[in-house]
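Analysis of the macromolecular model
As a plain string of letters, each chain reads:
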Amino acid sequence: MTTPIVSLTDAGKSYNKLDALQSVTMTLGEGEVLGLFGHNGAGKTTMMKLILGVISPSRGQVAVMGMAPDSKEAWHSRTKIGYLPENVSFYEQLTGLEVLTYFAKLKGFNKKQAIDLLEQVGITHAMKRQVKTYSKGMRQRLGLAQAFIGEPKLLLLDEPTVGLDPIATGDFYRTVDQLKSQGSSVILCSHVLPGVEQHIDRAMILSSGQLLAMGSLSELRQQAALPVQIKAHGLNGAMANHEHLAHFISPTCSQTLNVPEAEKISVLKTLLGFEHIEDVHVESANLEQVYQHYLALHAQQLQAKGQN
Amino acid sequence: MKQIFTVANKEFHDGLRNRWLVSITLIFALLSVGLTYFGAAASGEMGVTSLSTTVASLASLAVFLIPLIALLLSYDSFVGEQESGTLLLLLSYPLSKSQLLLGKFIGQGSIIALATLIGFGASAVLLYFQLEDDAILSAFSLFILSAILLGLSFTAISYLISLSVSEKSKAAGFALITWFLFALAFDLALLALLVGVEDGISQTGLTQLMMLNPADIFRLVNLAGLDSSDVNGALAVAINASLSQGQLITALTAWVAIPLTLAIFIFKRKKL
């Protein structure tokens, strides 16, 4: 087995008495894309800072490419790490090209690479303009170009698609897929966004510094045991009269069945047996529902603890 | 080393772009040329007056202006980048905190040093052509050197402020208070001590107290060599018990090095 790019072993960070991140254990392999989800203050940014080596863990170990990221040996591997912070406004009075050249130089690259990167994110036309004239989307692209300097082996992206229009978002995810195919590992940190699901291998859900769940989307779905929604058209109440189907009917919509994953096929078979059926629509729980499920579960646990 | 240079280069160009270099140079040049020619206007004369009067008036104005300019130039160096999020980003780069701080110091320090050199140097050259006295060059070299050190000292002090607060506006407030304390209040307090408390303080004691303020060391450097008729206040007393120029310049250099070291120390411990 190859060494993982990132591994956290019971790593946590506390500020005074406040646990910004409780003990987290995880690994990220080469070419893997991990989605890190949670509300504001869930500990996402703290975890990123730990991996970047900007802060040191209060307990446990963090290793990036086999070294502690806050150590002196890790200095050179920093060139191979790209980071896009959540809220960054670049030097307003400089032009886009000047900003990117500055950051490229700090990583040991030059102006030419900066120009190539600006072309890659599609703001070549504005590179001679001051950053203060940039729109939100253009600033975000500049930030991404900055994170892509030097074809990083590890990318940490905090809310990368905020402010991007759908086309730019598509471009962004294509770049992520491309980097992944080149063997880069990516940690995408975000509120749950539609469209992110196809691009991540695994998801990690954090809430108030605690790791709630981690795994591939199908694993999480299975753990959560969320029902599959099946919508059938053209049956006109026949479902309600059917003994097997009746108790799956959703309380909010009589056309919709909420079926446990295990029963999906048998229910579908039954439905297809109806003569008048016109259309069937099957929808598995999406990431957002899985996320809500774990958050609700966590809230319930907290409440139960409070009552004891 | 390359990292320090990259940061210094960026800060220096920021100083050029924001017209800091031009403005400071212009202020210094106008001030010194003006004082050189019209310094004696109050006593009814015009034209170039004595060297000691010129340097004395220049020093007493520079002692207010230079700290103010240095503080204005650098108070937001770190807190500004922290607010815009670039500080966190920079620290995720292969760039250490001391490299970033030294780079900024070299870049912004060069702006102040260059402005001082050109601005005051201009009137030194002017004066030299008028009077053709070699004493002018040595007096002005000392003046410019100490003015640069004074500027660097307050640049380092403003880094201390910038690293200790979390908001830009607070840093501006602290910078103003710092300027007031060092440039005005300290001297008034010394004078009060001297006049108000009989036998309260000896000449040596006074000089030692003055070492606690870089602005006063700057005054001592530039006024010690002059006729005491051009000097008044607490200084006149101190000058008589003065330290050598070498010692004073060393003390002023310490006022650059100590705040700078302290700033690196604070930066390293700063929570991000």
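Use the structure listed above.
Being a predicted model, the structure only gives us computed values, none of them experimental.

Quick look at the overall build of chain A
Helix and strand content of chain A: 10 helices and 12 strands. Here chain A, with 308 residues, has 48% of them falling under the buried criterion. Within chain A, counting contacts between residues at least 6 apart in sequence, those at least 24 apart form 67% of the total. Averaging the coordinates of the 27 positive side-chain charges in chain A and doing the same for the 28 negative ones gives two points 11 Å apart.

Concerning the overall build of chain B
Regarding its fold elements, chain B presents 12 helices and 0 strands. Ordering the α and β elements of chain B from the N terminus gives α-α-α-α-α-α-α-α-α-α-α-α. The burial tally for chain B puts 52% of its 272 residues in the buried class. Of all intrachain contacts in chain B linking residues separated by at least 6 positions in sequence, the fraction that spans at least 24 positions is 81%.

Side note on the packing of aromatic side chains
Under the defined criterion, the tally for this structure stands at 16 aromatic pairs over all chains. Aromatic pair Phe-105 of chain B and Tyr-159 of chain B: ring centres 6.3 Å apart, planes at 75°, arrangement edge-to-face. Here Phe-105 of chain B, found in helix H6 (residues 97-131), pairs with Tyr-159 of chain B, found in helix H7 (residues 134-164); they are 54 residues apart in sequence, far enough to count as distant. Comparing Phe-105 of chain B with Tyr-159 of chain B, the two get one shared label, buried. Note on Phe-140 of chain B and Phe-143 of chain B: the rings are 6.2 Å apart at their centroids and 80° apart in plane angle, and the pair reads as edge-to-face. Taken together, the residues Phe-140 of chain B and Phe-143 of chain B, both in helix H7 and 3 residues apart, mark about one turn of the helix. Phe-143 of chain B carries the same exposure label as Phe-140 of chain B, and that label is buried. Clustering of aromatic rings is evident, with ring pairs tying together Phe-90, Tyr-91, Tyr-102 and Phe-103 of chain A together with Tyr-93 of chain B. Between Arg-219 of chain B and the ring centre of Phe-64 of chain B, over which it is positioned, the NZ or CZ distance is 5.9 Å.

Brief notes about the sheet that holds strand S3 (residues 33-37) of chain A
Residue and element names in this part refer to chain A. If you walk across this open sheet you meet the 6 strands as S5-S6-S7-S3-S8-S9, and the pairing is mixed. Two strands in the sheet have a free side with no partner beyond their single neighbour: strand S5 (81-84) and strand S9 (210-215). Going across the sheet, the axis of each strand differs from the next one's by a mean of 15°, ignoring polarity. Across the sheet, helix H1 (residues 44-52) is in contact with S3, S5, strand S6 (154-158), strand S7 (185-190) and strand S8 (202-207); its angle to S6 comes to roughly 155°. Seen against the sheet, helix H4 (residues 136-147) touches S5 and S6 and runs at an angle of roughly 165° to S5.

A few points about a positive patch on the surface
A cluster of basic side chains, namely Lys-105, Lys-111 and Lys-128 of chain A together with Lys-2 of chain B, defines a positive patch on the protein surface. With respect to the helices and strands, Lys-111 of chain A occurs in helix H3 (residues 111-120). Lys-111 of chain A sits in the partly exposed class, given a relative accessible area of 48%.

Some details on empty space enclosed by the protein
Residues and elements named next belong to chain A. Per the stated rule, a full pass over the model turns up 1 cavity of 30 Å³ or more. Of the voids in this model, the largest cavity is the one considered here, and its volume is about 50 Å³. As for the largest cavity, its lining consists of Leu-52, Val-64, Met-67, Pro-69, Ala-74, Ser-77, Arg-78 and Ile-81. Class assignment of the residues belonging to the lining of the largest cavity gives a composition of 6 nonpolar, 1 polar and 1 charged.

Regarding the packing of helix H2 (residues 20-38) of chain B against helix H3 (residues 51-74) of chain B
All names here are of chain B. In the contact formed by H2 and H3, the axes pass within 10 Å of each other and the chain directions differ by 165°. If you check the angle between H2 and H3, you find them roughly antiparallel. Note on packing geometry: the crossing formed by H2 with H3 is right-handed. Each of Trp-20, Ile-24, Ile-27, Phe-28, Leu-31, Ser-32, Leu-35 and Thr-36 in H2 lies in contact with H3, whose residues at this interface are Thr-54, Ser-57, Leu-58, Leu-61, Leu-65, Ile-66, Ile-69, Leu-72 and Leu-73. Of the residues that constitute the contact of H2 with H3, the class distribution is 13 nonpolar, 4 polar and no charged.

Section: the layout of surface pockets
Each pocket or cavity is described by its volume, and for the largest pocket that value is around 530 Å³. As for the largest pocket, its lining consists of 25 residues, and the residues nearest its centre are Tyr-91 and Gln-93 of chain A together with Asp-14, Asn-18 and Asp-76 of chain B. If you list the elements that add at least two residues to the lining of the largest pocket, you get helix H1 (2-17), H3, helix H4 (79-84) and H6 of chain B. Tallied by class, residues from the lining of the largest pocket come to 7 nonpolar, 9 polar and 9 charged. If you trace the second largest pocket, you find 17 residues lining it, with Asp-70, Trp-75 and Arg-78 of chain A together with Ser-96 and Lys-97 of chain B closest to the centre. In the lining of the second largest pocket, the residues fall into 7 nonpolar, 5 polar and 5 charged.

A word on the environment of Leu-102 of chain B
Residues and elements named next belong to chain B. Along the polypeptide, Leu-102 turns up in helix H6. Overall, the relative accessible area of 29% leaves Leu-102 in the partly exposed class. Distance from Leu-102 to Leu-260, taken between C-alpha atoms, is 8.5 Å for residues 158 residues apart in sequence. Once you skip the residues sitting within four places of it in the chain, Leu-102 turns out to touch Ile-4, Leu-260 and Ile-264.

Let's talk about the sheet that holds strand S11 (residues 256-259) of chain A
Consider a sheet: its strands pair through backbone hydrogen bonds, and that pairing is either parallel or antiparallel. Residues and elements named next belong to chain A. Taken in spatial order, the 3 strands of this open sheet run S11-S10-S12, and their pairing is antiparallel. Pairing within the sheet leaves two strands with one partner each, and these edge strands are S11 and strand S12 (279-283). In this sheet, neighbouring strand axes are inclined to one another by 20° on average, regardless of whether the strands run parallel or antiparallel. Pairing analysis gives 4 bridges linking strand S10 (residues 228-233) to S11, with the strands arranged antiparallel. Within the sheet, the bridge partner assigned to Ile-230 lies in S11 and is Leu-257.

Let's talk about the pairing of S5 of chain A
Residues and elements named next belong to chain A. Burial along S5 is two-sided: Ile-81 and Tyr-83 facing one way and Gly-82 and Leu-84 facing the other are all buried. One ladder, built from 4 bridges, connects S5 with S6; its direction is parallel. By the bridge assignment, Tyr-83 is partnered in S6 with Leu-156.

Quick notes on the packing of H1 of chain B against H6 of chain B
Residues and elements named next belong to chain B. The interhelical angle for the contact between H1 and H6, taken along N-to-C directions, is 40°, at an axis separation of 7 Å. For the element pair H1 / H6, the angle class is oblique. As H1 packs across H6, the resulting crossing turns out to be right-handed. Of the residues in H6, those touching H1 at Gln-3, Ile-4, Val-7, Ala-8, Glu-11, Phe-12, Gly-15 and Leu-16 are Gln-99, Leu-100, Leu-102, Gly-103, Lys-104, Ile-106, Gly-107, Gln-108, Ser-110, Ile-111 and Leu-114. Class assignment for the residues of the contact of H1 with H6 results in 10 nonpolar, 7 polar and 2 charged.

Criteria and cut-off values
- Residues numbered from 1 in each chain as written.
- Chains lettered and ligands numbered in written order.
- Predicted model: local features only at pLDDT ≥ 70, side-chain atom pairs only at ≥ 80, totals over all residues.
- Heavy atoms only, no water.
- Helix = DSSP H or I, 4+ residues; strand = E, 2+ residues; numbered from the N terminus.
- Buried < 20%, exposed > 50% of the residue type's maximum accessible area, 1.4 Å probe, protein only.
- Contact = heavy atoms within 4.5 Å.
- Lys, Arg positive; Asp, Glu negative; His and termini not counted.
- Charge placed at Lys NZ, Arg CZ, Asp CG, Glu CD.
- Phe/Tyr/Trp six-rings, centres within 6.5 Å; stacked < 30°, edge-to-face > 60°.
- Lys NZ or Arg CZ within 6 Å of the ring centre and 35° of its normal.
- Pairing = 2+ DSSP bridges.
- Axes fitted to C-alpha atoms, helices over the stretch in contact; angles between N-to-C directions.
- Patch = residues over 30% accessible without salt bridge, like charges linked within 9 Å, V, L, I, M, F, W, Y side chains within 5 Å.
- Areas by Shrake-Rupley, 256 points an atom, 1.4 Å probe, with all protein chains shown as cover.
- Salt bridge = Lys/Arg side-chain N within 4 Å of Asp/Glu carboxyl O.
- 1 Å grid on protein atoms, 1.4 Å probe; cavity = no way out; pocket = protein on both sides within 12 Å on 5 of 7 lines; lining within 4 Å.
- Points joined across faces, edges and corners; volume = space filled by probe spheres on them.
- Nonpolar A, V, L, I, M, F, W, Y, C, P; charged D, E, K, R; others polar.
- Parallel < 35°, antiparallel > 145°, perpendicular 65-115°, else oblique.
- Left-handed = near helix turned anticlockwise from the far one by under 90°.

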